[in-house]
Amino acid sequence: MIERMLHNHSNGLRKDYGVSGDERDLYKTVNGCIDTVHEWLGHGRGRINLCEVYMK
């Protein structure tokens, strides 16, 4: 799911683009985990751009 979110972001799409209804719970869990780590690091929520930097 993280790979898809990062791929979407790098292609100028919403990070949840193409996430089906069946995958919505997984998406929310993964996104929540990413936000939690960013908050611990002092970056705030919704920073998929930083996730892209960290995960490369």
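Residues numbered from 1 in each chain as written. Predicted model: local features only at pLDDT ≥ 70, side-chain atom pairs only at ≥ 80, totals over all residues. Heavy atoms only, no water.

Caption draft 1: Structural context of helix α2 (residues 24-40). For α2, built from 17 residues, the straight-helix expectation of 24 Å at 1.5 Å per residue is met to within 8% by its first-to-last C-alpha distance of 24 Å. Regarding α2, the residues found buried are Y27, V30, N31, I34, D35 and H38. Buried residues along α2 cover an arc of 135 degrees about the axis, so they all sit on one side. The exposed set on the far side of α2, more than 90 degrees from its buried face, consists of D25, K28 and W40. Considering only its buried residues, α2 is in contact with α1 (2-10) and α3 (48-55). Phi for G42, located one or two positions after α2, is positive at around 85 degrees. (Helix = DSSP H or I, 4+ residues; strand = E, 2+ residues; numbered from the N terminus. Expected span 1.5 Å × (residues − 1). Buried < 20%, exposed > 50% of the residue type's maximum accessible area, 1.4 Å probe, protein only. Arc of directions from axis to C-beta. Contact = heavy atoms within 4.5 Å.)

Caption draft 2: Expanded view of the environment of N11. Mapped onto the elements, N11 comes out in the loop between α1 and α2. Separated by 29 residues in the primary sequence, N11 and W40 place their C-alpha atoms 27 Å from one another.

Caption draft 3: Quick look at the pattern of salt bridges. According to the stated counting rule, one finds 5 salt bridges in the structure shown. Among the salt bridges present, the one from D35 reaches R45, with a minimum N-O distance of 3.6 Å. Taken together, the residues span a long stretch of sequence, with D35 in helix α2 and R45 in the loop between α2 and α3 at a distance of 10 residues. Residue D35 is classed as buried on the basis of its relative accessible area, which comes to 5%. You can call R45 exposed: its relative accessible area is 57%. Here E39 and R45 are joined by a salt bridge, their closest N and O atoms 3.0 Å apart. (Salt bridge = Lys/Arg side-chain N within 4 Å of Asp/Glu carboxyl O.)

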